[in-house]
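Here's the letter readout for the chains.
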Amino acid sequence: MNYKEIAQALQAPFPNGTVQFSSSNQRQAHIPVQVYISRLEKVAGEHWSWSIIGEPIIVEADSAVIVRGELSILGAKRSGMGFSHYVRGKDIKNVSAFKNAVNAAESDAIRSACDKFLIGWSDLAPYRDCESDESIEINRSEAVRETDVERVCQRCAKKLTDVDQLFLEVNRIKLPYCTEHVPKHLIKKI
Ligand SMILES: [Zn+2]
């Protein structure tokens, strides 16, 4: 099988009922990470791998832990970034609870990398609203350009650091701002 054949098989629709909705936000549709992994294993077998990039990043202001990784399928690589919230003051001191948050963030990162390979798009399409349609477009171009595009803060023109980028991602802010200059009203309330 060449890459094109594998990609096509990966992008095939999942069975009905695969799409899940988060309990807190019924509009937020997602596909469980186990479904993605089993698809990767079945279609790509030994030709796929996932590796974590760097250490998990803790964004204390947001009580979030962020994991970055890279999904490789037959030599094609896409990065993924995921986050999970931990209970402020409690989880961070509780090793197993914190590990669960890191695992959840890693699962989220795998899902985001799979999304860049267009896996599950046909299943998630009905649930993507206008805003998400826009992000599909962004993802589409990201898939081509990957993540090494330089983004700079709209206010101070400083090159965004990884932490800045992650902070934007966590808050689902599309405009480029450094952490210092993110308009307060755009920051998600938890
Ligand atoms: Zn700035």
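Residues numbered from 1 in each chain as written. Predicted model: local features only at pLDDT ≥ 70, side-chain atom pairs only at ≥ 80, totals over all residues. Heavy atoms only, no water.

**Side note on the overall build of the protein chain**
What counts here: Counting from the N terminus, the helices are DSSP H or I runs at least four residues long and the strands are E runs at least two residues long. Summary of the burial criterion: residues with accessible area below 20% of their type's maximum are buried, those above 50% are exposed, and those between are partly exposed, where the area comes from a 1.4 Å probe applied to protein chains only. For this analysis, residues touch if any pair of their heavy atoms sits within 4.5 Å. Computed with the Shrake-Rupley method and a 1.4 Å probe, the accessible areas treat only the protein chains shown as cover for residues.
Regarding its fold elements, the protein chain presents 6 helices and 5 strands. When the helices and strands of the protein chain are read in sequence order from the N terminus, they spell out α-β-β-α-β-β-β-α-α-α-α. By residue count, 41% of the 190 residues in the protein chain fall in the buried class. Counting contacts in the protein chain only where the partners sit at least 6 residues apart, residues at least 24 apart contribute 53% of the total. Counting only carbon and sulfur atoms, one obtains 53% of the accessible surface of the protein chain, whose full area is about 11100 Å².

**A short note on helix H6 (residues 162–170)**
Residues of H6 that are buried include every one of Asp164, Leu166, Phe167, Leu168 and Val170, and no others. Looking at the packing, one finds that the buried side of H6 touches strand S3 (48–59), strand S4 (64–73) and strand S5 (76–85). Arg172 lies just past H6 and shows a positive phi near 50°.

**Describing the sheet that holds S5**
Two pairing modes exist for strands in a sheet, parallel and antiparallel, and in both the strands are linked by backbone hydrogen bonds. Inclusion rule: Following DSSP output, two strands are said to pair if at least two bridges run between them. Axis definition: a line fit to C-alpha positions, over the contact stretch in the case of helices; interaxial angles, taken between N-to-C directions, run 0 to 180 degrees.
If you walk across this open sheet you meet the 3 strands as S3-S4-S5, and the pairing is antiparallel. Each of the sheet's edge strands pairs with one partner strand only, and the pair in question is S3 and S5. Each adjacent strand pair in this sheet contributes to an overall mean axis angle of 20°, direction not counted. Lying on the sheet, helix H2 (residues 33–44) is in contact with S3 and S4; it crosses S3 at an angle near 155°. Taken strand by strand, helix H3 (residues 95–116) contacts S3, S4 and S5, and its axis lies near 140° from that of S5.

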